Structures are given as structure tokens and as C-alpha cells.
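Survey of secondary and tertiary structure
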Amino acid sequence: LSVIQKYETETHTNMSQPKTEPKQSANKTYLAKIGITSKKKVAFRNITHFVSQSLQKSGIKDGFVNVNAMSTTASVFINDDESGLHKDFTQFLSKQVPDNGKYQHKDAAAHIKRQLFGRGVMVAVTDGELDFGPWEQIFYGEFDGGSDQQKQVLIKVIGV
């Protein structure tokens, strides 16, 4: 898997509370997008570094980071960065959801695999750091790769 491009934007949101004395909110948002391609049909890439980098650039110290795969045949998930586990994922997926063409939709297997792994993750941010448990990392999962098609991952940081 390779990262092709990165797009970033920053937005400040000032909101007042309805029906009370106007109060300015210090909430801020930051958006980054990365483009990813994969030469393999099924592949996993640790994207924690890109998410951490976006968090640092945002300047947000407390809040949340939402990370989404912007494709119906890819996923973002949290797990351990261990190559044996990634091989286990691939073997499990090929047994449970084989690419044998016995589906109504031509790439249904990739869509089903995405449903198993989910669209994305939300991670709490405290003191400018991602709140992870031991060994937790953020991954991009590709289930319909093998071409030069670029897919997007959206990283949205929200907080103060």
C-alpha cells in the first residue's frame, strides 16, 4: 500500500448556545485526507503515523479523531501491528468470504469484508495524544486492491 497525496484544511467553529446568553465555543476542526493505492487484492497498512501527524498539525489538545475509509471496499480499524495477525485476518477472510464469484454483485466479497471490519474509528484525544490501549494502532484495510485505483481516507479532528 502506498500513500499518494495528502489534503488538509482547518476550520474554526464559533457557536452560540440557543436561548441563553451568547457564548463563544472554542471548538475547532481539522481535516486531512490521504490517498492510498494497493497492488494486492487484500492488504493492511498502519496509518497511525498519518493520524498522529494530523492531530499534531491541528493543534487540538482535547477532543476526538474520526478516521474513515471513503470506499465501500476498504476499512479503517484498530488492532495490534503484528504480521502474523494480519496473515490470520487474510486467511479468515478468504475462508469466510471467498472471492469465488458466486455472488450477485461482481465484487460483493470485498463489500462483505468491509462490513466485517467496519467503515472507520473514533479515538479520544487527551493532552494532544491519541488515547490508545496497549498495542493499539490504526489500520487501513483494502479488500479490492490490485490496481492503481486511489482510495481516500478522511481524518477529522474535532476539539479544543
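Refer to the structure presented above.
Attention here is on the structure that accompanies the text.

So, how was this worked out
- Residues numbered from 1 in each chain as written.
- Predicted model: local features only at pLDDT ≥ 70, side-chain atom pairs only at ≥ 80, totals over all residues.
- Heavy atoms only, no water.
- Helix = DSSP H or I, 4+ residues; strand = E, 2+ residues; numbered from the N terminus.
- Buried < 20%, exposed > 50% of the residue type's maximum accessible area, 1.4 Å probe, protein only.
- Polar contact = N/O pair within 3.5 Å; in protein donor to acceptor, adjacent residues only side chain to side chain.
- Arc of directions from axis to C-beta.
- Core = buried A, V, L, I, M, F, W, Y, C linked by side-chain atoms within 4.5 Å.
- Contact = heavy atoms within 4.5 Å.
- Pairing = 2+ DSSP bridges.
- Axes fitted to C-alpha atoms, helices over the stretch in contact; angles between N-to-C directions.

To continue, consider the side chain of K28. With respect to the helices and strands, the residue K28 is situated in strand β2 (residues 28-38). By relative accessible area, K28 is classed as buried at 16%. At a separation of 2.7 Å, a polar atom in the side chain of K28 contacts the main-chain carbonyl oxygen of S58.

Attention shifts here to helix α1 (residues 48-58). Those residues of α1 that sit buried are T48, F50, V51, S54, L55 and S58. Along the axis of α1, the buried residues cluster in a sector spanning 165°; they form a single face. In the segment just after α1, G59 is the residue with positive phi, at about 75°.

Attention now moves to the nonpolar core. By size, the foremost hydrophobic cluster in this structure holds 23 residues, and its most contacted members are I47, V65, V67, V76, V153 and I155. At the level of secondary structure, the elements contributing two or more residues to this core comprise β2, α1, β4 (63-69), β5 (74-80), β6 (120-126), β8 (136-142) and β9 (147-159). Those residues in contact with I47, other than ones at most four positions away along the chain, are I34, I36, V67, V76, I138, F139, Y140 and V153. Listed in part, the nine residues of the second largest apolar core include V42, F44, A110 and F143.

Glancing now at the pairing of β2. β2 sits mainly inside the fold: 10 of its 11 residues count as buried. Summarising the sheet, β2 and β9 pair through 10 bridges and their orientation is antiparallel. When the sheet's bridge partners are listed, K33 is paired in β9 with L154.

Let's shift gears to the environment of E82. Tracing the chain through its elements places E82 in the loop between β5 and α2 (83-96). On the basis of relative accessibility, which here comes to 38%, the residue E82 falls in the partly exposed class. The spacing of E82 and W135 is 53 residues in sequence and 9.3 Å in space, taken between C-alpha atoms. A distance of 3.1 Å separates a polar side-chain atom of E82 from the backbone nitrogen of G84.

Glancing now at the sheet that holds β8. If you trace the three strands from one edge of the open sheet to the other, you get β3-β8-β5, paired in antiparallel fashion. Looking at strand neighbours, the two that pair on one side only are β3 (43-46) and β5, the edges of this open sheet. Neighbour-to-neighbour, the strand axes of the sheet open up by a mean angle of 35°, direction not taken into account. Pairing of β5 with β8 involves seven bridges; the strand directions are antiparallel. Each residue of the ladder has a partner; that of D80, found in β8, is E136.

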